[in-house]
Amino acid sequence: MIIKNQVKCNHCGDIIESKHRHDFVTCKCGRVSVDGGHAYLRRCFKEDNDYTEMSVCDSVCDEEED
Ligand SMILES: [Zn+2]
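Here goes a summary of the coordinates provided. Everything numeric in this text was worked out from a predicted model, so none of it was measured. (Residues numbered from 1 in each chain as written. Predicted model: local features only at pLDDT ≥ 70, side-chain atom pairs only at ≥ 80, totals over all residues. Heavy atoms only, no water.)

1. Here's the deal with the overall build of the protein
Argument step 1. Tallying secondary structure elements over the protein gives 0 helices and 8 strands in all.
Argument step 2. Going from N to C terminus, the protein has its helices and strands arranged as β-β-β-β-β-β-β-β.
Argument step 3. Counting the 66 residues in the protein, one finds 35% classified as buried.
Argument step 4. Within the structure as shown, the protein displays about 4,200 Å² of accessible surface, and the carbon and sulfur contribution to it stands at 46%. (Helix = DSSP H or I, 4+ residues; strand = E, 2+ residues; numbered from the N terminus. Buried < 20%, exposed > 50% of the residue type's maximum accessible area, 1.4 Å probe, protein only. Areas by Shrake-Rupley, 256 points an atom, 1.4 Å probe, with all protein chains shown as cover.)

2. Examining the coordination of the zinc ion
Argument step 1. Protein coordination of the zinc ion is provided by C9 (SG), C12 (SG), C27 (SG) and C29 (SG), with donor distances spanning 2.3 Å.
Argument step 2. If you look at the zinc ion, its 4 donor atoms make angles of 105 to 114 degrees with each other, and the shape they trace is tetrahedral. (Donors = N, O, S within 2.8 Å, 3.2 Å for Na, K, Ca; no water. Tetrahedral: all angles 85-135°; square planar, octahedral: opposite > 155°, others 65-115°.)

3. Examining the side chain of Q6
Argument step 1. With respect to the element layout, Q6 can be found in strand 2 (residues 6-9).
Argument step 2. For Q6, a relative accessible area of 13% gives the class buried.
Argument step 3. Discounting residues that sit within four places of it in the chain, Q6 has contacts with I15, I16, E17, R43, E53, M54 and S55. (Contact = heavy atoms within 4.5 Å.)

4. Observations concerning the sheet that holds strand 3 (residues 15-17)
Argument step 1. On the basis of which strands lie adjacent, the open sheet formed by 3 strands has the order 3-2-7 and antiparallel pairing. Since the sheet does not close on itself, it has two edges, and those belong to strand 3 and strand 7 (51-53), each with one partner. When the angles between neighbouring strand axes are averaged without regard to direction, this sheet yields 30 degrees.
Argument step 2. In this sheet, strand 3 lies alongside strand 2 in antiparallel orientation, the contact comprising 3 bridges. From the neighbouring strand, V7 faces strand 3, where its bridge partner is I16. (Pairing = 2+ DSSP bridges. Axes fitted to C-alpha atoms, helices over the stretch in contact; angles between N-to-C directions.)

5. Observations regarding the nonpolar core
A general trend in soluble globular proteins is that nonpolar side chains are found buried together.
Argument step 1. In this structure, V7, C9, I16, V25, C27, V32, V34 and Y51 together form the largest nonpolar core, which totals 8 residues.
Argument step 2. Discounting residues that sit within four places of it in the chain, I16 has contacts with N5, Q6, V7, V25, T26, C27, V32, S33 and V34. (Core = buried A, V, L, I, M, F, W, Y, C linked by side-chain atoms within 4.5 Å.)

Now the structure itself:
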């Protein structure tokens with residue numbers, strides 16, 4: 001189960017959190033976005049090192065499980 005669905009943007013330092021399933025949040029520089037809330041982890045980014053994963057799960061997180 002996903003407790004917190006959030007990442008930190010490595011470019012602008014913004015920490016963004018998707019709080020519910022269709023809560024699509026973009027950092028202030030626009031490079032990184034999160035979506036899915038507590039239902040699934042979805043990230044939009046250009047490069048793998050654009051963001052630092054900061055999500056909190058109480059067990060294994062399955063990506064984009066519907
Ligand atoms: Zn950013």
